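Close look at the chain arrangement
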Amino acid sequence: EENFIDCIIWKKRYGGGAKEKYLVNLHEYILMFSKNKDYIKTITIPNNKEFIEKYYTKTDKKFNERGPYRTQPLEAAKSMGERKNLVYDIPGPNGNIISPKRQWLWSKERTMVALQNDDLEFNQDKDGIWTVNIKQYQFDVDGNERTLKVTTILENIYTQHGTKEIEKIFGNVDYFPYPKPSSIVKFIAKFGSDKEDIILDFFSGSASTAQGIIDLNNEVNTARKYILVQMPEKTDEKSEAFKAGYETISDIGKERIRRVIKKINKEQEGKLDLEGNENQDLGFKVFKLQKSNFKIWRTKIESKEQLLNQMQEHLEPLDENAELEYVLYELLLKSGISLTAKIVEKEGFYLVNDNEIALILNKVNKDIMKAVIEQKPRKVITLDRLFNNNDQLKTNTALQMKDAEIEFKVV
């Protein structure tokens with residue numbers, strides 16, 4: 001009583017009324033969109049070895065310069081709108097004249113140039129009908145390898161691969177269920193981003209995105225960066241991950257990144273830098289959302305006493321539990337500096353992005369100020385408490401900064 005499709009897909013067990021699959025459902029969907037439709041037109045992926053060996057099977061006298069070629073029909077598909085200027089005759093072999101069944105893809109001028117350059121191939125079927133095909137070489141006339149448009153079906157990438165990755169990284173232990181394979185991230189980033197872009201993953205999970213970007217950078221010598229965001233979701237106390245010390249999902253992700261980096265560093269040991277992987281930056285930073293290191297000014301004040309108390313409390317703006325490193329990054333954020341900024345610790349101060357900004361957070365004296373000014377940063381930030389109420393030192397420092405044309409700010 002079931003239709004043909006039902007019979008193929010399902011086998012009905014009448015005893016319990018359950019259904020059993022004959023075909024395995026392995027596909028998933030990935031939604032892609034772009035704010036710029038012109039960018040979509042440029043999306044391509046490099047040829048891979050398997051594709052070249054499968055389709056680029058023909059050779060001619062241009063092989064040494066252009067590699068092998070495959071053919072594509074010059075005849076236009078029915079989906080192409082009718083254009084009368086694309087209907088013309090092409091001189092074929094042995095004096096044959098070849099006309100299109102409907103119309104050609106190219107203009108007559110372009111076709112004649114291709115014919116002259118031996119970029120067309122003529123074939124005759126068993127009924128004696130001639131067809132014209134375009135020779136598509138592996139490399140174009142400028143020596144650039146052709147790329148492929150992305151297909152709507154991706155093969156050989158499955159969720160199981162993500163599980164096996166986790167097991168391989170952590171020693172045959174499955175710490176994270178159903179992680180996305182890093183290979184899918186690597187594949188999408190290869191055509192969906194440029195070589196110095198930042199890839200953002202708001203649902204990081206086991207940090208598959210980080211591994212995909214690190215592997216891609218290592219493979220093609222690019223400088224893509226990644227930002228991963230993950231809530232501090234607790235792991236199940238009965239899970240193997242929790243027993244191994246990974247109390248949150250983000251703990252698993254951080255350790256995964258460390259192990260991936262360690263593996264690459266080990267592979268690079270003793271190798272000469274002949275592949276030019278100078279762009280590969282294997283460092284990463286971890287930040288947690290926290291309260292400000294500075295005391296928060298209460299806006300709801302109902303009496304003069306409350307106002308005086310609050311002003312007294314804010315004579316020292318830093319929270320008593322504030323740590324120096326946290327203060328450093330908070331001040332950078334408030335100054336509009338990226339968290340990925342280059343930070344160099346000097347004798348008594350931090351220099352950020354070479355000379356973009358200098359921060360003095362530990363102590364203040366004449367020698368430190370002199371060293372900072374010699375670096376010629378565009379801006380200097382320090383903490384008011386470091387002057388220990390020495391107004392003369394603060395005033396002289398402000399004047400020296402002004403003379404050196406350095407923006408000076410005291411917090």
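See above for the structure.
Summarised in this report is the structure supplied together with it. Computed from a predicted structure; not experimentally measured.

1. Quick notes on the sheet that holds strand 13 (residues 350-352)
- If you walk across this open sheet you meet the five strands as 12-13-14-15-16, and the pairing is mixed. Each edge of the open sheet carries a strand with a single partner, namely strand 12 (343-345) and strand 16 (407-410). Each adjacent strand pair in this sheet contributes to an overall mean axis angle of 20 degrees, direction not counted.
- The strands that helix 12 (residues 324-334) touches are strand 12, strand 13, strand 14 (357-360) and strand 15 (379-382); relative to strand 14, the one it contacts most, it runs at about 145 degrees.

2. A look at the sheet that holds strand 8 (residues 130-137)
- Spatially, 4-8-7 is the arrangement adopted by the three strands of the open sheet, whose pairing is antiparallel. A single partner strand is all that each edge strand has here, and the edge strands are strand 4 (69-73) and strand 7 (120-124). Across the sheet, the mean angle from the axis of one strand to that of its neighbour is 40 degrees, orientation sign disregarded.

3. Some details on helix 13 (residues 366-375)
- Within the span of helix 13, buried status applies to I368, M369 and V372. With its buried residues spanning 95 degrees around the axis, helix 13 presents them on a single face. Residues of helix 13 that are exposed and point over 90 degrees away from its buried face: K366, D367, K370 and E374.
- Elements in contact with the buried residues of helix 13: strand 14, strand 15 and helix 14 (391-403).
- Between a side-chain oxygen at the N-terminus of helix 13 and the backbone nitrogen of D367 the separation is 3.1 Å; the capping residue is N365.
- Of the residues flanking the end of helix 13, it is K376, one or two places downstream, whose phi is positive at about 55 degrees.

4. Remarks on the pairing of strand 10 (residues 198-201)
- Side chains I199 and D201 of strand 10 all project onto a buried face; the interleaved residues I198 and L200 project onto a face where none is buried.
- Where strand 10 meets strand 11 (residues 225-228), four bridges bridge the pair, whose relative direction is parallel. Bridge pairing in strand 11 links I199 to Y226.
- Between strand 10 and its parallel partner strand 11, the chain crosses via helix 8 (residues 208-220), and the hand of that crossover is right-handed.

5. Some remarks on the environment of K379
- Relative to the helices and strands, K379 is located in strand 15.
- Here K379 is in contact with S335, E356, I357, A358, I406 and E407, once residues within four sequence places are set aside.

6. Comments concerning unusual backbone geometry
- Positive phi values are uncommon outside glycine, yet N353 reaches one of about 50 degrees.
- Turning to its location among the elements, N353 is positioned in the loop between strand 13 and strand 14.

7. Side note on the pairing of strand 8
- Burial of strand 8 is extensive: six of the eight residues sit out of reach of the surface.
- As defined by bridge partners, strand 4 adjoins strand 8 across five bridges and the pair is classed as antiparallel. Following the sheet pairing, P73 is matched in strand 8 by N133.
- Where strand 7 and strand 8 come together, five bridges link them in antiparallel fashion. The partner of L120 across the bridge, within strand 8, is I134.
- Hairpin remark: strand 7 followed by strand 8, antiparallel, with five residues in the connecting loop; positive phi at G128, about 85 degrees.

What counts and how
- Residues numbered from 1 in each chain as written.
- Predicted model: local features only at pLDDT ≥ 70, side-chain atom pairs only at ≥ 80, totals over all residues.
- Heavy atoms only, no water.
- Pairing = 2+ DSSP bridges.
- Helix = DSSP H or I, 4+ residues; strand = E, 2+ residues; numbered from the N terminus.
- Axes fitted to C-alpha atoms, helices over the stretch in contact; angles between N-to-C directions.
- Contact = heavy atoms within 4.5 Å.
- Buried < 20%, exposed > 50% of the residue type's maximum accessible area, 1.4 Å probe, protein only.
- Arc of directions from axis to C-beta.
- Polar contact = N/O pair within 3.5 Å; in protein donor to acceptor, adjacent residues only side chain to side chain.
- Right-handed = clockwise from strand over helix to strand, strands pointing away.

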